[in-house]
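Examining the three-dimensional arrangement
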Amino acid sequence: DFGRCHEFGYLPEGADPLPDSGDPACICTSAAGATPSGCTMTFVIEDKVLQAQEDLLFSFTTRNPETTPAFMDNYWHIQHLRGSGDSVVIRSTHAHKGWAMNSQLANVRIDLVGDLLAAGSNSDIEITFTPVTAAETLQIEARLPVEFDFASATAPPYEVGRDTNNNFMYINQLGLLPGIPITILIQTVKLGRPGGTTEWYLTTFADDTHSVEGKRDELQGGIGFRLPGSVNVIKASLRSQYEEMSDQEPVRSLFRARVDEEAWAVFEFSVSMAVFARQKLIIECLGDQGGYRLIHGTSGETFILVGTDRVGTQVAQLDGRPNELIATLAPTRPETERVLAPDTFYQLEVLVRPVSGLTTWKISTTDERALPTNTNDGQQPGFNPVAAMSLQIAAQRTPPRALVEITLLVNPGSAEVNNIMLIAPPGFVFPDQNCGEICVPATALGDTGRRQARLALSATGVTSTTINMVVRSETPQDTPLDTSGHSDVTWFIIALGSDDRHTGWGEGSGFPITQMRGCTVAYAGIAGQRLVTLAVTFQMQAEGGRRIILEGPSGHELTCSAQGVLRPISLEGGIPECQDNPLTLVLNGTLQVKSYAFSVAINLPATAPTDNTFNIIVQDRNNEVVDAHYGLPGMKIESLPLAPQATLAWSKAEPLQSAQITIGVTFTDDTDRVRAIYFIFPRKDGSQNSDSNAFIHDAQIPTDVVNNNDDFPINPTGAWVDRSNTGGLKVLVDDSDGAATIRAGTYHWTFPVIVPATIPENNVWYVSLCADKGCRIPTCGDEPPCHRPPVDSTILTSYAIPGFNLREMSPDQVFAPTGSACGFMLVSVWTVVLLAVMHQ
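Before going into details, it helps to say that this report is about the structure given with it. In this text, all values refer to a predicted model and were calculated from it rather than measured experimentally. (Residues numbered from 1 in each chain as written. Predicted model: local features only at pLDDT ≥ 70, side-chain atom pairs only at ≥ 80, totals over all residues. Heavy atoms only, no water.)

**Remarks on the sheet that holds strand β42 (residues 583–591)**
Backbone-to-backbone hydrogen bonds join strands into a sheet, with any given pair of strands oriented parallel or antiparallel. As summarised here, the arrangement of the 5 strands in space is β41-β42-β39-β44-β45, forming an open sheet in which the pairing is antiparallel. In the strand order of this sheet, the two ends are held by β41 (577–579) and β45 (625–633), each with one partner. Sheet twist, expressed as the average angle between the axes of neighbouring strands with direction ignored, equals 15°. Pairing of strand β44 (residues 613–619) with β45 involves 6 bridges; the strand directions are antiparallel. Within β45, the position partnered with Q619 by the bridge is V625. (Pairing = 2+ DSSP bridges. Helix = DSSP H or I, 4+ residues; strand = E, 2+ residues; numbered from the N terminus. Axes fitted to C-alpha atoms, helices over the stretch in contact; angles between N-to-C directions.)

**Quick look at the nonpolar core**
Within the largest apolar cluster, 72 residues are counted, with the highest numbers of intra-cluster contacts made by F538, I548, L550 and F679. The element contributing the most residues to this core is strand β47 (residues 658–667), with 5 residues. When residues no more than four places from it in sequence are discounted, the contact partners of F679 are I663, G727, G728, L729, V731, W749, F751, Y766 and V767. Grouped together as the second largest cluster of nonpolar side chains are 34 residues, V233, V271, V275 and W361 included. (Core = buried A, V, L, I, M, F, W, Y, C linked by side-chain atoms within 4.5 Å. Buried < 20%, exposed > 50% of the residue type's maximum accessible area, 1.4 Å probe, protein only. Contact = heavy atoms within 4.5 Å.)

**A few points about the state of the cysteines**
For the structure on display, the rule yields 5 disulfides. For C5, the disulfide goes to C26, at an S-S distance of 1.7 Å. With the S-S dihedral at roughly 100°, the linkage between C5 and C26 falls on the right-handed side. Residue C5 is located in the segment before β1 (9–10), and its partner C26 is located in strand β2 (residues 25–29); the two are separated by 21 residues in the primary sequence. Disulfide pairing is shown between C560 and C578; the S-S distance is 1.7 Å. Taking the sign of the S-S torsion, 95° for the link of C560 and C578, the bridge is right-handed. Residue C560 is located in the loop between β40 (557–559) and β41, and its partner C578 is located in strand β41; the two are separated by 18 residues in the primary sequence. In this structure C578 comes out as partly exposed when scored by relative accessible area, which is 30%. (Disulfide = S-S within 2.5 Å.)

Laid out in structure tokens, this is it:
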């Protein structure tokens, strides 16, 4: 340039053998714009004479010609001249053969054109160049990155040389002509690792021997495409929305994610090339049905990227691309800050709505240049969400601890169904020998304890849109509850395909356990008393009962075998067979759908246990449960000075006629705790007091009620009987002077009642001792009136007394008028019978 020689310098570096002469001048001659035809370097020596045999060492740079000059022209010439002009004398000269030129390939372009882009993939490369010299063979060397491999590569229609291996490839029979561009597609190249800028060396040869002498054109250190790094997915899973809620969803959390139900797609991955702040991570689901819908919300809710720490993201979703999310990584950090480090594990969680069909997942990072910085090329296999199924559950009867038939109606949806696993609510049990024709009990479901049964349907699969089945299961003692105390009666089904893989699941709401209705136990809760009368009432919802089992709380001894304690009241078939421990009654008739009552005796402990409940179980003649009630509350136990039983006597029992009733209570010691004694008459549940199946009192005036023991403290000048409720009478203790002590002794009260046309099945009289005069008759909330043991908080205890039937004679005594308005003569039953016989 301007006569200066390129990068001229004496050797060794720093030497200056001609300090006064300056640097030589370089001049090239050529036509305008053409390649120089010749160049000369001229030294003008001003400061001294070079001595013979003295070396002049220097270096400079020059540009090679495109091709090797002709043989005679390829020499470097040097002359030593003295003088100037016409007096120039050549003192010495020399010529040195030049070197052969390796022509530079022109217009070289190397592109990655295959479908797969990630480092380490097998893909296609396209090489385009213009040769300078005719040649037949091309040598390709992939220098960077490492691990390029052409061992399996092809370049149709050209021949691949036998020496092709690793990062070298030879392509023969190209027929390269000077100035004629050529494009070569190289297929199935294993791309290098880890990615980044590629560096290439290309050389052409005259033939396939690729000898040094046959070397023609070349490209050294050519820069090709930027190779995307790889996204390596180590582990991928589709996590149902319940999986992380195992405490709240112990069953659903065990099942696979379902189609069209939100789930989390989770990927553990690494990248081979670093990713920097403000670059983007793109995740896309590809599928024949459009792929999963990726739910776009705030990044903290639907898109979570975590390494050592949480990676900040700003997530976007393009219109019309619901199966893709674009996250800008660390959007507020400097662009030079590395966000994803190579070969470091990260976890990505994306909230999705799965679809059926085959899918793949593509994860890429990009700096928005032509090729991504990392990608997995969409090669991550998708998941297999299962189908959503529906289930309907029905049962005709649902008593506790009973073997019941359950009807299942299943809609399998898109699930392949050969068999079904049926999962029952807690406490349900499939019997080993009798759970149904297609039913086989299986092991419990994990730690849930829920029982399973396998339902064998078809070896070839079910094709119908609905599946009807009947199974049998033993019900639990009570309606199962979840950890929150709510009813948990959900049944689950899992569809099994031909290879027993899960293909779908569903659920259906089952049924609560229905405790037998109308159940009561009533007895005077007197601490430590023996042979206290215990009355039981219950209402059958199905016929067939032939055995009754009564189970009591701990410390309560039930007996029906003691003399005179068993009263069938309204049981079918009269007095049943009886056994104690457990108390069992074997009936002489079959129970129908109606209410019943019976009484036995109980020996009470000093205090009630924590679980103060009774169980009533009704079985058929095969000992199968027909109906039952578990957890029936027992009576509270009080230390009271009372005899174990109250007494009931009546004058006659003619329907719809008045009868004189006498009730007696014995106090074994003085007490001031009782303020009233309430007599409650039998009535049928749902009946009003005026109905023909309810006892009602016939005390029209106060004096119709007689206090038979003057020692009982009543107010002789005031109202001592509450007659306001025709279904009962309340005797009030006189506490007008502040004292209300009832002395030890036996007390009777006599009063008239109207005997109903039909005796109620729950024919039990209650005598309640109240601590407050305001104690009330029992009610059943918003239901019609019901006959229940009194449970008012002011009631100390209540006796239960078996009632009498129509025209039944009182077992202890009968009553005949004496002519006195308030007195009756007591005559033994046997005397009345004897007089009747003598009269005949």
